[in-house]
Structures are given as C-alpha cells and as structure tokens.
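Reading the structure
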Amino acid sequence: MLKKIIIEKLYLLFILIFIGGYSTMSMLTNEHDSLYVAEDPILLKLFVGLLFVSVAFYIVLNIRHVHINKIGRILLFLSCYMTLWRVIALPVTAGLLSYFYQPMWDLLIVLMFIFAYTLSSKSKELLDFFATGMIVAMLITAFFYYKNWTFVNEVDEAHLGTSYYVLFLLPTLLLTPHKWLRYVGLIITGLVLFSSFKRGGVIAFVLAIVAYLFVKEVLVERKFTRLLVFLIAMIALFIILLFVDNAMGNIISERILNIREDGGSGRDQVWDITWNMIKTSNSEHLMFGHGYDAVLKNSPLELSSHNDFLDMPFNYGIIGFVPYLILHFQLIKQIFTGIKMHNKNAPIMAFTYTIFFCLSMISHVIVYPWMCLIVIPWGMLSAESKLMSNQQRL
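The structure displayed is predicted, hence computed values, not measured ones. (Residues numbered from 1 in each chain as written. Predicted model: local features only at pLDDT ≥ 70, side-chain atom pairs only at ≥ 80, totals over all residues. Heavy atoms only, no water.)

Describing the overall build of the chain
Applicable threshold: Helix and strand assignments come from DSSP, with helices taken as H or I runs of at least 4 residues and strands as E runs of at least 2, each series counted from the N terminus. Note on exposure labels: buried denotes an accessible area under 20% of the residue type's maximum, exposed denotes more than 50%, and partly exposed covers the range between, all computed with a 1.4 Å probe on protein chains only. Contacts are residue-level and defined by heavy atoms, with any inter-residue pair within 4.5 Å sufficient. Reported accessibility uses the Shrake-Rupley method at a 1.4 Å probe radius. Residues are deemed covered only where the shown protein chains occlude them.
Along its length, the chain carries 16 helices and zero strands. Counting only residues that meet the buried cut, the chain has 53% of its 394 residues in that class. By sequence separation, contacts in the chain at least 24 residues apart represent 78% of the contacts at least 6 residues apart. On the chain, roughly 19,200 Å² of surface is accessible, and the fraction owed to carbon and sulfur atoms is 69%.

Set out below in structure tokens:
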C-alpha cells in the first residue's frame with residue numbers, strides 16, 4: 001500500500017512538472033518579445049501533449065472516482081463546443097497532427113477539472129501533496145518569467161500579461177496545509193504581478209485577497225478583530241508599496257491613475273466596437289457564433305475585445321455564451337454553499353472566482369491557455385463540497 005502511494009505521488013510530481021513546463025512555454029510563446037521565439041513551438045506542443053496524456057491516463061486509472069458535477073458538465077460542453085470551432089478554423093493545408101494537437105487546448109480545460117475532482121475524491125493525502133507540490137510549477141514558471149522579464153526590459157519597458165500564469169497557479173497552492181507555503185506563494189505572485197506593471201492583474205490580485213479575508217474572517221469564522229488587524233496590515237503594506245513605487249519612478253501608480261484617461265489602454269473603444277459587431281450580427285451568427293478567434297479577425301482594430309463577456313457571444317454565439325453565464329452562476333453558488341456549511345475552503349473559492357471574474361471583464365481567461373490552470377481548484381473544491389454535503393445528510 002505504501003509503495004503504491006509513493007508511486008502515485010511520483011506520478012503526480014511529473015504532472016506538476018508538466019504543468020510548470022506548459023505554463024512556461026505558453027508564457028514565452030504568447031509574449032510578442034520573448035527569449036523563446038519560434039514559428040513552430042515544438043516545446044510548447046510537447047508539454048501540451050505530455051500534460052494532456054498524463055492527466056487523461058490518471059483519470060482512466062481512477063475511473064471509479066470520476067464524477068462530473070454541474071460545473072464539470074458546463075466545462076465539458078464549453079470545451080467541446082470551443083474545440084469544434086477551433087478545428088473548423090484550421091486551414092486546409094493543416095497537417096494531420098494539427099487535428100490531434102489543436103483540440104488539446106480546449107479539452108484540457110475539462111480534463112484538468114475532472115483530474116482535480118478525481119484526485120480530491122480519492123485521497124486527502126494525495127490532494128495535500130498535489131496542492132503543496134504546486135510550488136514546483138510556480139517556481140518553474142516564475143523563474144522563466146523573471147528571465148524573460150529581464151530580457152524584454154533591456155529593450156523597453158514592458159507590461160507582461162504572461163505574469164497571469166503565476167497568478168492562476170496560486171489558488172491551488174493556497175489549498176496546501178502548510179501555512180508558510182501559502183505566504184510564499186502570495187509573495188511570489190505579488191512580486192511577479194507588480195513587476196509586470198499589469199494594473200488589471202494587480203487589482204484582481206488585491207481584490208481577491210480582500211474577498212478571501214472577508215469570507216474567511218467575517219462570513220465563515222466571524223472573527224472581526226482579526227479582520228481589523230488585517231486592514232491595519234494592508235494599510236502598512238500600501239504605505240510600503242508607495243515607497244517602492246516612488247523608488248521605481250512612480251510607474252505603477254501612474255498606470256493606475258491613468259486608467260480613466262487612457263480608457264484602460266483603449267479598452268473602452270475596443271468594447272464599443274465589439275458590442276456593435278455583436279448587435280449587427282445576423283440571427284445565425286447570434287445563435288452559433290462567428291467561430292474561433294473571430295473578434296480578432298473581424299475587428300477593424302485587429303484586436304480581441306479584452307473581455308470574455310463580449311468575446312464569448314461574438315465567437316461562440318448564444319449557444320456558447322449562455323453556458324458561460326451559467327458557469328459564473330454555479331461558481332458563485334458554490335461560494336455561498338461553502339459559507340453556509342462553514343467550509344474552511346470557501347474563502348479560497350471566493351479568491352479564485354474574484355480573479356476569474358475580474359480578468360474576464362478586462363482581459364481573457366476562458367479563451368486563453370491559463371484557463372486549464374484555474375479550473376484545478378474548482379475541481380478540488382467541488383469534490384470537497386460534495387463530500388461535506390453527503391456527511392451533513394448523514
């Protein structure tokens with residue numbers, strides 16, 4: 001029995017390394033100016049394939065623990081529908097391998113959710129091991145982020161949205177039983193986000209921490225004095241950050257203060273154009289969508305909408321957008337269910353959803369490679385909620 005657990009932990013460690021490789025190569029490939037530039041990113045394809053196969057194999061081996069709840073079924077539908085449009089969008093000249101490789105991107109979303117749910121249902125020990133081991137994937141990603149950051153900023157000041165890969169790994173790490181490791185993850189994520197100068201990421205991160213502490217201290221544990229101590233600590237941290245920002249030439253504060261003037265880096269104009277594109281679509285396109293990456297291809301600005309609530313209806317129509325809205329509803333419902341049951345992990349669900357919602361409003365989550373990272377804690381917490389619900393019925 002002990003030997004079996006050791007072997008399984010080693011297998012999970014390989015999955016964690018593959019997650020780190022997947023995050024790193026997605027990060028470097030998606031950045032316009034990067035250490036890693038390739039027309040055919042073979043390393044990215046390798047890690048996508050390794051992660052897909054290793055996770056699928058684990059699910060098959062533990063098929064009796066597999067259960068797909070409402071969130072899982074929504075993700076299954078969205079993954080399949082988005083995959084269909086991705087395959088349709090492939091050029092006629094695409095090779096046979098493209099028809100195997102391209103679907104992996106969207107199918108990884110539901111696959112990672114089912115994997116996390118299965119792992120959480122099977123063993124608390126394995127869940128704790130995997131959550132703790134997420135520091136491995138985070139350190140790999142953060143290290144290469146730093147290497148790329150130094151490379152890019154030698155040329156020009158860059159706002160690296162790829163810092164979000166580290167952010168989306170954090171919620172899983174917060175499920176570790178080791179408190180000190182949770183603080184390490186928060187510090188690493190904070191450093192990465194502030195260095196990226198991505199004000200959207202910084203704001204989402206700060207709001208997520210506030211949501212976490214409000215749910216934990218006020219709604220679940222009802223410890224108001226600890227919340228007061230936290231608020232004092234946040235004020236002290238804010239003062240420290242002001243000194244750091246001043247030493248950096250007020251780069252961060254200027255970008256945040258300029259949101260109104262620059263319309264969120266021109267997002268207001270992009271949103272208006274995308275909304276007009278949706279309104280002028282014919283009934284067929286409104287129902288089924290225009291297809292994979294259609295906003296980017298059809299917009300006169302040649303930009304995506306930087307908002308999933310606009311991208312989803314234009315790209316995937318009502319058929320894709322309604323399940324997407326239901327997904328948000330189910331995630332919010334899970335937070336309130338956790339609060340009602342005094343689930344100690346309800347704050348982490350609030351933390352995760354806050355990041356998901358904020359970045360869906362000002363950027364992209366579900367249509368980007370990091371979506372398969374944020375569904376990991378959803379799967380783990382969904383399994384735990386089901387277990388607690390069953391125990392309460394008994």
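Further notes follow.
Thoughts on the packing of aromatic side chains
Applied cut-off: Any Phe, Tyr or Trp ring, taking Trp's six-membered ring, that has another such ring centre within 6.5 Å forms a pair; planes under 30 degrees apart are called stacked, those over 60 apart edge-to-face, and the others tilted.
One pass over the full model with this rule turns up 21 aromatic pairs. Their ring planes at 65° and their centres at 6.0 Å tell us that Phe309 and Phe357 sit as a pair that is edge-to-face. With a gap of 48 residues between them, Phe309 in helix H14 (residues 308–340) and Phe357 in helix H15 (residues 346–362) connect regions that are remote in the sequence. A relative accessible area of 18% places Phe309 in the buried class. One aromatic cluster is present, formed by Phe309, Phe321, Tyr324, Tyr353, Phe356, Phe357 and Trp378 through successive ring pairs.

Some thoughts on the packing of H14 against H15
The relative placement of two packed helices is expressed as an angle between their axes plus a distance between the axes. For the record, the criterion: Every axis corresponds to a line fitted to the C-alpha atoms, with the helix fit spanning only the stretch in contact, and the corresponding angles, defined between N-to-C directions, vary from 0 to 180 degrees. The labels follow the angle: roughly parallel below 35 degrees, roughly antiparallel above 145, roughly perpendicular from 65 to 115, and oblique for the rest. The sense of a crossing depends on the near helix, which, turned anticlockwise from the far helix by less than a right angle, makes the crossing left-handed and, turned clockwise, makes it right-handed.
As a packed pair, H14 and H15 sit with axes 10 Å apart at the nearest point and diverge in direction by 160°. Considering the angle they form, H14 stands roughly antiparallel to H15. Helix-helix and strand crossings are classified by hand; for H14 and H15 the assignment is left-handed. Residues Asp308, Phe309, Tyr324, Leu327, His328, Leu331, Ile332, Gln334, Ile335, Gly338 and Ile339 of H14 pack against Ala346, Met349, Ala350, Tyr353, Phe356, Phe357, Ser360 and Met361 of H15.

Topic: H15
For clarity, the threshold we go by: A helix is expected to span 1.5 Å for every residue after the first.
With 17 residues, H15 should reach 24 Å at 1.5 Å per residue; the first-to-last C-alpha distance of 25 Å fits that figure. Counting buried positions along H15 yields 14 of 17 residues, so the element is predominantly enclosed.

Examining the nonpolar core
As a reminder, the rule being used: Nonpolar cores were defined as sets of buried Ala, Val, Leu, Ile, Met, Phe, Trp, Tyr and Cys residues, with membership established by side-chain atoms within 4.5 Å.
Core analysis: the biggest nonpolar cluster contains 103 residues, and Ile19, Leu75, Phe130, Phe356, Met371 and Trp378 have the highest contact counts within it. Examining the composition of this core, we find that 14 residues originate from one element, helix H4 (residues 98–122), more than from any other. Counting six residues, the second-largest nonpolar core is a separate cluster that includes Met277, Ala294, Leu310 and Phe314.

A short note on the side chain of Ser299
Counting through the fold element by element, Ser299 comes out in the loop between helix H13 (294–298) and H14. Here Ser299 is in contact with Ile273 and Met277, once residues within four sequence places are set aside.

Here we look at the side chain of Asn307
Heads up, the condition is: Throughout this description, a polar contact denotes any pair of N or O atoms lying within 3.5 Å of each other; where both atoms belong to protein, one of them has to be capable of donating a hydrogen while the other can accept it, and for residues adjacent in sequence the pair is counted only when both atoms sit in side chains.
Within the secondary structure layout, Asn307 lies in the loop between H13 and H14. Note on Asn307: relative accessible area 6%, which makes it buried. Among the polar contacts made by the side chain of Asn307, one reaches the main-chain amide nitrogen of Phe309 at a distance of 2.7 Å. Sequence-distant contacts of Asn307, that is, excluding residues within four places in its chain, are made with Trp271, Ser360, Met361, Ser363 and His364.

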